[in-house]
Amino acid sequence: MMLEARGVRKSFDGREVLGGIDLQVEKGDVIAILGPSGSGKTTLLRCLNFLERADAGELVFDGERFDLHAATRRDIARVRKKTAFVFQNYNLFLNKTVLQNVTLGLTLGAKMKKDAAREIAVRSLERVGMAGRLDSYPSQLSGGQQQRVAIARGLASNPEIIYFDEPTSALDPELIGEVLAVMRQLADEGMTMLVVTHEMEFARNVSSKVLFMEGGAVVESGPSRAFFENPQEERSHAFIRSILEARGGERSQE
């Protein structure tokens, strides 16, 4: 087991957002975290990487145990060295070039020499099809290109697992495919990923497992194919049905 979370709880202003979530991740898993808005998906991801401090819970990562509520700065740094986080809105430095955005974490965070950092950054940008835009600034890129740079920045740190928080939600429809193609490539290469997403085709055809959440609880989890073809819970049935109906409505308007 690469990563296991146990009893993750989080409340905001007295409202429970996560009600004791358990999660297991094997090396090479691509887990799609699905559910309606407000179900706690993003909060779970942020708690696992200490971007939010959970109220309770335990994280076991590579055999090390961490208290999700009381972890020290040193604990958090050890976890983050093994992870990368891709945000909805790219989080690129607008005054830095593509290359600088990717090398910055290596030279400042990892204290790497500039030449070595550049070599790693260029390789990472090549993996996402952005090596030809090294000197471009974010304002000169499409949203899909910016998100691919953000993915390259994550890859540059050589993470064991990448967390994706709705990586296509800020993109125009015609740009979504290029980001999903990069994520599919990473999955094919064996990268371990936790992906909060509304992209059902990705969840069905690329992810290996699904975690379906509602109201801060896990309603159903298991292999992706089984979830979509034979969901065990009525709420899962209803969720899939609503997605299919929405998709049918979109097609009828085209």
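Remember, predicted model here, so these are calculated numbers, not experimental data.

Thoughts on the overall build of the protein chain
Inference 1: A count of helical and extended segments in the protein chain gives nine helices and ten strands.
Inference 2: The principal-axis extents of the C-alpha atoms in the protein chain amount to approximately 55 × 50 × 35 Å.
Inference 3: Contacts spanning at least 24 positions in sequence make up 63% of the contacts within the protein chain whose residues lie at least 6 apart.
Inference 4: Charge separation in the protein chain, taken as the distance between the mean sites of 33 positive and 35 negative side-chain charges, equals 7 Å.

Notes on the pairing of strand β8 (residues 192-196)
Inference 1: The buried fraction of β8 is high, at five of five residues.
Inference 2: Burial along β8 is two-sided: Thr192, Leu194 and Val196 facing one way and Met193 and Val195 facing the other are all buried.
Inference 3: Bridging between strand β3 (residues 30-34) and β8 involves four bridges; their strand directions are parallel. Its bridge partner being in β8, Val30 is matched across the sheet by Met193.
Inference 4: Note: strand β7 (residues 161-165) against β8, five bridges, orientation parallel. Of the residues in β8, the one forming a bridge with Phe164 is Val195.
Inference 5: Tracing the backbone out of β7, into helix α6 (residues 173-188) and back to the parallel element β8 gives a crossover that is right-handed.

Quick notes on the nonpolar core
Inference 1: Core analysis: the biggest nonpolar cluster contains 39 residues, and Ile151, Phe164 and Leu186 have the highest contact counts within it.
Inference 2: Listed by contribution, the elements that provide at least two residues to this core are β6 (83-86), α3 (98-109), α4 (114-127), α5 (143-156), β7, α6 and β8.
Inference 3: Ranked by residue count, the leading element in this core is α6, at eight residues.
Inference 4: In this structure Ile151 touches Val86, Val128, Phe164, Val179, Val182, Met183 and Leu186, once residues within four positions along its chain are discounted.

With respect to the environment of Phe87
Inference 1: Position of Phe87 among the secondary structure elements: in the loop between β6 and α3.
Inference 2: C-alpha of Phe87 to C-alpha of Thr168: the two residues are 81 residues apart in sequence and 9.4 Å apart in space.
Inference 3: Non-local contacts of Phe87, meaning those with residues more than four positions away in its chain, are made with Arg46, Leu51, Gln147 and Asp165.

With respect to α3
Inference 1: The first and last C-alpha atoms of α3 sit 17 Å apart over twelve residues, in line with the 16 Å expected at 1.5 Å per residue.
Inference 2: Here α3 has its buried residues at Val98, Leu99, Asn101, Val102, Thr103 and Leu106.
Inference 3: At its buried positions, α3 is contacted by α4 and α5.
Inference 4: Lys111 sits one or two positions beyond α3 and adopts a positive phi of about 55°.

What about the confidence of the model for the protein chain?
Inference 1: In the predicted model, the protein chain carries a mean pLDDT of 95, and the fraction of residues at 70 or more is 97%.
Inference 2: Note on residues 250-254: pLDDT is under 50 here. Beyond four places in sequence and across chains, it has zero contacts.

Some thoughts on the pattern of salt bridges
Inference 1: According to the stated counting rule, one finds 16 salt bridges in the structure shown.
Inference 2: Measuring nitrogen to oxygen at the nearest pair gives 3.1 Å for the salt bridge that ties Glu16 to Arg9.
Inference 3: A salt bridge links Glu64 to Lys82; the shortest N-O distance between them is 3.8 Å. Here Glu64, found in strand β5 (residues 64-67), pairs with Lys82, found in the loop between α2 (73-80) and β6; they are 18 residues apart in sequence, far enough to count as distant.
Inference 4: The exposure class assigned to Glu64 is partly exposed, which follows from its relative accessible area of 29%.

What counts as what
- Residues numbered from 1 in each chain as written.
- Predicted model: local features only at pLDDT ≥ 70, side-chain atom pairs only at ≥ 80, totals over all residues.
- Heavy atoms only, no water.
- Helix = DSSP H or I, 4+ residues; strand = E, 2+ residues; numbered from the N terminus.
- Contact = heavy atoms within 4.5 Å.
- Lys, Arg positive; Asp, Glu negative; His and termini not counted.
- Charge placed at Lys NZ, Arg CZ, Asp CG, Glu CD.
- Buried < 20%, exposed > 50% of the residue type's maximum accessible area, 1.4 Å probe, protein only.
- Pairing = 2+ DSSP bridges.
- Right-handed = clockwise from strand over helix to strand, strands pointing away.
- Core = buried A, V, L, I, M, F, W, Y, C linked by side-chain atoms within 4.5 Å.
- Expected span 1.5 Å × (residues − 1).
- pLDDT = per-residue confidence, 0-100.
- Salt bridge = Lys/Arg side-chain N within 4 Å of Asp/Glu carboxyl O.

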